[in-house]
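These are the residues of each chain, in order.
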Amino acid sequence: MIPGPDSERGQLPARPEQRFTYAPGPEPYYGDEVDLRDVWSVIRRRRWVIFGSLAVVLVAVGLYTWLATPVWQASTLIRVDEGDRSNVAVLDVLSSLQRGSELETEMRILRTRPIAEEVVDELDLNLVVSRPADVPRSLVFAELSLDRSTPEIEYALQRLGEGRYRVQSIGEEAGRLNMEAAAGERVEIPGGHVVFADLEALEAGMGRSLPSELRFTTLGFQAAVRELYESLDVARPDREANVMKVAYEGTDRELVRLVPNALAASFIGQRQQVQKMEVRSTVAFLQEQSDLLQAQLEAAEGELQSFREGRQIVALGTEAEAQVERLAELQTERTRLDAERTALANMIRTIDDALGSPDYRRLAAFPTFLNNAAIADILQALTAADRTRTELLLRVTQDHPDLIAVDQRIAELEGQLGSIGRNYLTSLTDQIASLDAVLARFGSELEEIPEKEVQFARLERQTTLLAELYTLLQTRLKEAQVAEAVEDPTVRVVETAILADEPISPRPARNMALAGILGLMLGIGLGFVREYMDTRIHSSDSVEALLGLPTIGRIPALPLGPLFGNGKPQRSAALVTHADSQSVISEAFRNLRTNVRFVRGGEGAAEMVVTSPGPREGKSLTAANLAVVLAQQGIRTLLVDADMRRSVQHEQFGLQSSPGLAELLVGEASLAEAVRPTDVEGLYVMPAGTPPPNPAELLGGDRMDRLLESLREKFSSIVIDSPPMLAVTDAAVLGPKVDGVVLVLRAEQTDRGAASLALSQLHHVGATVLGVVMNDTKTDGAEYYYRSYYGEDGPKPLWRRLLPSRT
């Protein structure tokens, strides 16, 4: 029956004549600050993505670690002392010419191709066991020898039993080799030969079974050199020590030990060979000069002896001894200077006539310059410049400014050597001219000196000079020969490579730790990506920040599952405010009722349209339960089902769907026939009725205005359940006709863009939006406080629920 007159109306205050239109606030500002609570909320919401990513990465890394072939590493340490390469005092000029390499230069030399090729040749690295890759090559082959012409071929080695095998080429070279062989028998393969070991005996000794088929591959020589480079690491472990570490890694544990030692031996051997070549060239030069001086000395001694015997000279007179001595010294000096000038001129002419740039460093070997301090200083400067140029060549190109400057410095120093040589040649010419003048002055005096005495003194002086030079060269020659025989002590191995105790890869503990970190980072990254791409409104989101609207209700999920789940649940079970008025959900609807009564500055709303942006967001259940709690407060309430397309309110309250609103608006039913009482005292429902062809026109017409005026006289509160905003225009038509609109959103389902569009449409038609009701929110916090208030235990955490009870 229809409720009584106005005197029986509820306690809601009278509505003012002026209607208020909700004015949206400014666009929300999110700022640059990061709220850790928001981050934690995202992590909790995307925890399954994070845990899933972590599990996938852990499983993938675990499988890789389990299946990966172990990689071993061995290293050797080589000490390189900078400076002179010998502790034997060699000719000073030779010490200056020696170029003590810096450690970085030696490290680069160790990685040069000649050394790598020598190691590949020595260890036959162009043959590898390809499957299983962790089987040491020395266990499969008792002997192997390959040359540089070995082609790239893969072979299959099948075990036939009793120490016999079948070897055949496979892949692109299939059919090139197919034969049987016994253990210990020599097998010729392209580019060399191999001898297989007795694998059965090895299995018994090592306690490990090998597969029935193994595969090995011969590589091209240059490919083997490249693979050596790729697996080789030369580094300086300590910047303060002149020690370099040569490390090599691979799957063959035994071969990994051999390669660094072979590299160190090859490097030291080639370095000593270069050093010996330098010393040999010095020895050859000194030997040549010594032989020349010896011949000259023997000739001078023979001439002196012949002169003594021919002139029968025993002793010169004491009277003319001083004058003769002076004259002989001058003539000897002129002869020496003339010989020196001729030799120096010939050397300079030879240097100038040579192809390319003049090599004035050869002037250092000229006897007169051997002990010249200026020449030694220039040579030391040249040595330093050459060392600097060698270091720069490892890092820069030929046209680099630093390298050009060093080249200019070298050219300048060499030019200084040439200038010194030419100046000295000019000085010799001047000295000879001066001596000629002196000798001319002594002409008259010379006539008084017997010719034989002068000749004797000259020959004796020449012999003495040649004897001194010969003695000096012999001394230097012996020193150089000693240096040639001594091994280079400046480079030596201080620690040889040994068998590795454990592989460097894979490392399970490290891999799993890194996998855990990577998995968490990936999971969190994916979680935030999904969060960024997820445009749904979540229960923890601030609706006021997103839409500029207050949240007037947060409703937990109903016990029947999703608000509109699959199938057709009993709609009466959704009236939780009537069925279980002491539940947390009922309390949430009562909180919504309180907020509705105090919206609009405390004036409240007696008539409201309940709608949502889209379907399946709980607006009908929200409208029904809101109407129930309003009636439970003693307010005469009417629930109008204005969703004439998909009406549900009659099912929830167990009523007939017609006659209802549709029949009332078209004049086929009266108000008394359309309004029905419910089991809730003070609550009446107007079903939608028979679906009409034009619901929007009926709701927007004058009859709907007159109907609302009539209902206001009979009910204190009117709740209108309207269709979704974005589906049809019914809610937009009804919004301006009532006090306000309640916009229902569903957590984890409603799209932010849809909510914003629905709100924009309501603003466009001038409807007052009272606020937002968020459905399907989390209940833990509210339920805990609710139960704590009533003396009940709050919800237990998962880990507490998994523990057995103490009772």
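Described below are features of the structure shown in this document. Small disclaimer: the values here were computed from a predicted structure and weren't measured. (Residues numbered from 1 in each chain as written. Predicted model: local features only at pLDDT ≥ 70, side-chain atom pairs only at ≥ 80, totals over all residues. Heavy atoms only, no water.)

Bringing a nonpolar patch on the surface into the picture now. On the surface, Val59, Leu63, Trp66 and Leu67 cluster together to form a nonpolar patch covering roughly 530 Å² of accessible area. As for its position among the elements, Trp66 is in helix α2 (residues 47-67). (Patch = residues over 30% accessible without salt bridge, like charges linked within 9 Å, V, L, I, M, F, W, Y side chains within 5 Å. Areas by Shrake-Rupley, 256 points an atom, 1.4 Å probe, with all protein chains shown as cover. Salt bridge = Lys/Arg side-chain N within 4 Å of Asp/Glu carboxyl O. Helix = DSSP H or I, 4+ residues; strand = E, 2+ residues; numbered from the N terminus.)

Counting buried positions along strand β18 (residues 717-721) yields five of five residues, so the element is predominantly enclosed. On β18, burial covers both faces: Ser717, Val719 and Asp721 on one face and Ile718 and Ile720 on the other are all buried. As paired strands, strand β14 (residues 607-611) and β18 are joined by four bridges and run parallel to one another. Across the sheet, residue Val609 finds its bridge partner in β18, namely Ile720. Relative to β18, strand β15 (residues 637-641) runs parallel, the two being bridged by five bridges. Directly across from Asp641, in β18, lies its bridge partner Asp721. (Buried < 20%, exposed > 50% of the residue type's maximum accessible area, 1.4 Å probe, protein only. Pairing = 2+ DSSP bridges.)

This brings us to the nonpolar core. Counting 45 residues, the largest nonpolar core has Leu661, Met686, Leu711 and Ile720 as the members making the most contacts within it. Sequence-distant contacts of Ile720, that is, excluding residues within four places in its chain, are made with Met608, Val609, Val610, Val640, Ala642, Leu708, Leu734 and Val738. Core analysis: the second largest hydrophobic core is formed by 36 residues, Leu558, Ala588, Ala605 and Leu621 among them. (Core = buried A, V, L, I, M, F, W, Y, C linked by side-chain atoms within 4.5 Å. Contact = heavy atoms within 4.5 Å.)

All told, the structure shown has 26 salt bridges when counted by the stated rule. Linking Glu117 and Arg148 is a salt bridge whose minimum nitrogen-to-oxygen distance equals 3.6 Å. With Glu117 in helix α5 (residues 113-123) and Arg148 in the loop between β3 (141-146) and β4 (153-161), this pair connects stretches of sequence that are 31 residues apart. For Glu117, a relative accessible area of 14% translates into the label buried. A salt bridge links Arg257 to Glu254, with the nearest nitrogen and oxygen atoms 2.5 Å apart. Residue Arg257 and its partner Glu254 are located together in helix α9 (residues 253-311), separated by three residues, close to a single helical turn. Here the salt bridges share partners, and the residues they tie into one network are Arg131, Glu154, Glu213 and Arg215.

One way to put it is that helix α11 (residues 373-393) packs onto helix α12 (residues 401-441) with a least axis distance of 9 Å and a crossing angle of 160 degrees. Overall, the two elements α11 and α12 adopt an arrangement that is roughly antiparallel. Relative to α12, the crossing made by α11 is left-handed. Together, Ile375, Ile378, Leu379, Ala381, Leu382, Ala385, Asp386, Thr388, Arg389, Leu392 and Leu393 of α11 and Asp402, Leu403, Val406, Asp407, Arg409, Ile410, Leu413, Glu414, Gln416, Leu417 and Ile420 of α12 make up the contact between the two elements. (Axes fitted to C-alpha atoms, helices over the stretch in contact; angles between N-to-C directions. Parallel < 35°, antiparallel > 145°, perpendicular 65-115°, else oblique. Left-handed = near helix turned anticlockwise from the far one by under 90°.)

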